[in-house]
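# Geometric and topological summary
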Amino acid sequence: MRNVFLATALCALPVAAGAQSMPDWQSYQATGNPGAMVRSAGTADSVAAWMGKKVDVNSGRINAPVLNGGNETFEPKDIPGASGTAIPNTFWVDRYYSPKSWFITANTTWNVCASGCPYTNPLDAWNAALHATFLNGAWLTISIADGTYNISNQFFTNVTRTQSVQVVGDTANPAKVVLNFTGTKGTNTGGFTAYDGGRIGLIDGVTIQAPTDGSASLASTDPAGRHIWNSQSYGGGIQAYGGGSNIHVGSHVVIRNFYYSMVADNNGVLNAPNGGVTMSVAGDVNAMARGGGVIVCTPCSATDASDYSYPAITLGSNYDAERGGSLYIDGSTGSKSLVSGVVGLTGGHIWAHNMTLSGALIATQGQGAWITGNASAEFSGSNISGYNIGVNAVNGGYASVDNTSIHNNRLAGITADGGRVTGGSATITNNTTYGIQALHQGSVVLFGSYARMSGNGTNFSVQPAGIQNVSGTAYSASSIDVQ
């Protein structure tokens, strides 16, 4: 591979006429002309002139070739974090007048460890990989040894070629490889960011975290467990922004102490098809799909989401799809959210089959599912308990609750407040005030569910037609149809 690469590179370079061609020498013995004799100096085709244009070859390899003003070697000497150790399947092209870069010719691994590896910090390896060229469909794995690594900036890409880069720690125990992001306070930066079409081939086997001592995104936590966040510290542990941006997330990843654990925005995509992502200690949302963004996380877990920085405007949900965003979170779990376990806003779409939502941070405030603004959600086979309202469909929101168990919520198991809830074989039990409540033209239609209702304070509460709010808005009657 090395000889092929060099031959290609040299052929691509501009060469002065005759610079690499043999001089038009002739044999005096053949011509009998003394002028055909080769002289040691004094003419353009002399030996001395030609010797300055030759290249030396050792065992089929050109020695110290000059490539467009730079040198190709196998041992980088001058990049941050590099030890100067040769790496298999890797060319280092040191250009003087353009960015230095790697050429990866076959699947290879760059090791990162405290000492004795080509890199001692994962971010240095990543930044070098940003300028790599991948040949023959090669993959690069940045393999991180066990340990805690303080990371001063985020892993950032806005190029597609990093789809060939994998960042992998300890997949048997991601707690042993801790990436500690120390620069998130006041910078709105996160952990891993793909922006404007950037891609990351894989993140796996790592714990992605920020410090909790007030020096990073999280400022403090009050006695009730509500989090206060530093201003302009709203980055995500893993985030994809912009159309074409895509990050593949493995099934051995822990994310904690970021304002968003994961966020896919403006048509970005986060893909964790095998689940296994554990998210905790977030502000606005653990996992948010917004502006056409998509998150696939089947199944994943999310807990402890709250933003109490401005008590008049509280935030905190485990999962959120809004402004046309989509969540695929079948089998996932959510708990300890200040506002909601799952929220759908402004046309968001949520597939949450066989999900478990097991309680609000403060039971008198939270909702298991809050679906509003023409958003829609499917909760078939799910279990929702421990909230103020189990499922709340509001202002055009729609929720499907086939085979869902909704129990032990304080105000209501199901509320349709200007929204719609449908399903069959739902189990609605032991909700303190109402089993099902419908108001502001809300509608609930459930089949095969009446026999599954018990222990509720009141099974049904239906608001009649009339003027029903302070603005004087008139509503037609709400409806509940349970068979």
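These figures come from a predicted structure and were not determined experimentally.

### Topic: the overall build of the chain
A tally of regular secondary structure across the chain gives four helices and 49 strands. When each of the 483 residues of the chain is scored for burial, the buried share is 51%. Sequence-distant contacts, at least 24 apart, represent 61% of the contacts inside the chain between residues at least 6 apart. Accessible surface for the chain amounts to roughly 20,100 Å². Of this, 51% is attributable to carbon and sulfur atoms.

### Remarks on the nonpolar core
Core analysis: the largest hydrophobic core is formed by 84 residues, its most contacted members being Ile208, Ile238, Val277 and Ile414. In terms of residue count, the dominant contributor to this core is helix H4 (residues 122–129) (five residues). Setting aside residues up to four positions removed in sequence, isoleucine 208 forms contacts with Leu179, Phe181, Phe192, Ile203, Gly237, Ile238, Val253, Val254, Ile255, Arg256 and Phe258. Residues Leu218, Val263, Val281 and Val285 belong to the second largest nonpolar core, which totals eight residues.

### Looking at the pattern of salt bridges
A side chain with one charge may pair with a side chain of the opposite charge, provided their charged atoms come close. Applying the stated criterion across every chain yields a total of four salt bridges. The partner of aspartate 222 in a salt bridge is arginine 226, and the shortest N-O contact between them spans 2.8 Å. Taking the relative accessible area as the measure of exposure, arginine 226 reaches 16% and is therefore buried. Measuring nitrogen to oxygen at the nearest pair gives 4.0 Å for the salt bridge that ties aspartate 304 to lysine 336. With aspartate 304 in strand S27 (residues 301–305) and lysine 336 in strand S30 (residues 333–337), this pair connects stretches of sequence that are 32 residues apart. For aspartate 304, a relative accessible area of 12% translates into the label buried. Here the salt bridges do not stand alone but share partners, grouping Asp265, Arg290 and Arg323 into one network.

### A word on the confidence of the model for the chain
For the chain, per-residue confidence averages 87 on the pLDDT scale, and residues scoring 70 or more make up 80% of the total. The low-confidence segment residues 1–21 (pLDDT under 50) makes 31 contacts with residues lying over four places distant or belonging to another chain. Confidence drops under a pLDDT of 50 for residues 94–98, and excluding neighbours within four residues, the segment shows 11 contacts in the predicted structure.

### So, the sheet that holds strand S33 (residues 356–357)
An order of S10-S13-S16-S21-S24-S27-S30-S33-S36-S39-S42-S45 is seen for the 12 strands of this open sheet, with the pairing classed as parallel. Looking at which strands have only one partner, the edges of the open sheet turn out to be strand S10 (147–151) and strand S45 (453–454). Relative to strand S16 (residues 206–209), strand S13 (residues 177–181) is paired through three bridges, and the arrangement is parallel. Directly across from asparagine 180, in S16, lies its bridge partner glutamine 209.

### Points about unusual backbone geometry
Omega for the peptide link from threonine 298 to proline 299 comes to -10°, which places this bond in the cis form. In this fold, proline 299 is placed in the loop between strand S26 (294–297) and S27. Positive phi values are uncommon outside glycine, yet asparagine 188 reaches one of about 55°. Residue position: asparagine 188 is located in the loop between S13 and strand S14 (192–195). One non-glycine residue, asparagine 354, adopts positive backbone phi at about 55°.

### A look at the pairing of strand S12 (residues 165–168)
Inspection of the sheet shows strand S9 (residues 140–144) paired to S12 by four bridges, in the parallel sense. Bridge assignment links threonine 141 to a residue of S12, and that residue is glutamine 166.

### Here's the deal with the environment of isoleucine 389
Its place among the elements puts isoleucine 389 in strand S37 (residues 389–394). Taking the C-alpha atoms as reference points, isoleucine 389 and glutamine 367, 22 residues apart in sequence, are found 4.9 Å from one another.

### So, the sheet that holds strand S46 (residues 458–462)
On the basis of which strands lie adjacent, the open sheet formed by 12 strands has the order S11-S14-S19-S22-S25-S28-S31-S34-S37-S40-S43-S46 and parallel pairing. Every other strand in the sheet has two partners, leaving strand S11 (155–157) and S46 as the edge strands with one partner each. Across the sheet, the axes of successive neighbouring strands diverge by a mean angle of 5°, strand direction being ignored. Pairing analysis gives five bridges linking strand S34 (residues 367–372) to S37, with the strands arranged parallel. When the bridges of S37 are listed, threonine 372 appears paired with valine 394.

### What to know about the state of the cysteines
This model, assessed by the stated rule, comprises two disulfides. The disulfide partner of cysteine 113 is cysteine 117, and the S-S distance across this bridge is 2.0 Å. The chirality of the disulfide connecting cysteine 113 with cysteine 117 is right-handed, given an S-S dihedral of about 110°. The disulfide bridge from cysteine 297 ends at cysteine 300, spanning 1.7 Å between sulfur atoms.

Cut-offs and rules
- Residues numbered from 1 in each chain as written.
- Predicted model: local features only at pLDDT ≥ 70, side-chain atom pairs only at ≥ 80, totals over all residues.
- Heavy atoms only, no water.
- Helix = DSSP H or I, 4+ residues; strand = E, 2+ residues; numbered from the N terminus.
- Buried < 20%, exposed > 50% of the residue type's maximum accessible area, 1.4 Å probe, protein only.
- Contact = heavy atoms within 4.5 Å.
- Areas by Shrake-Rupley, 256 points an atom, 1.4 Å probe, with all protein chains shown as cover.
- Core = buried A, V, L, I, M, F, W, Y, C linked by side-chain atoms within 4.5 Å.
- Salt bridge = Lys/Arg side-chain N within 4 Å of Asp/Glu carboxyl O.
- pLDDT = per-residue confidence, 0-100.
- Pairing = 2+ DSSP bridges.
- Axes fitted to C-alpha atoms, helices over the stretch in contact; angles between N-to-C directions.
- Disulfide = S-S within 2.5 Å.

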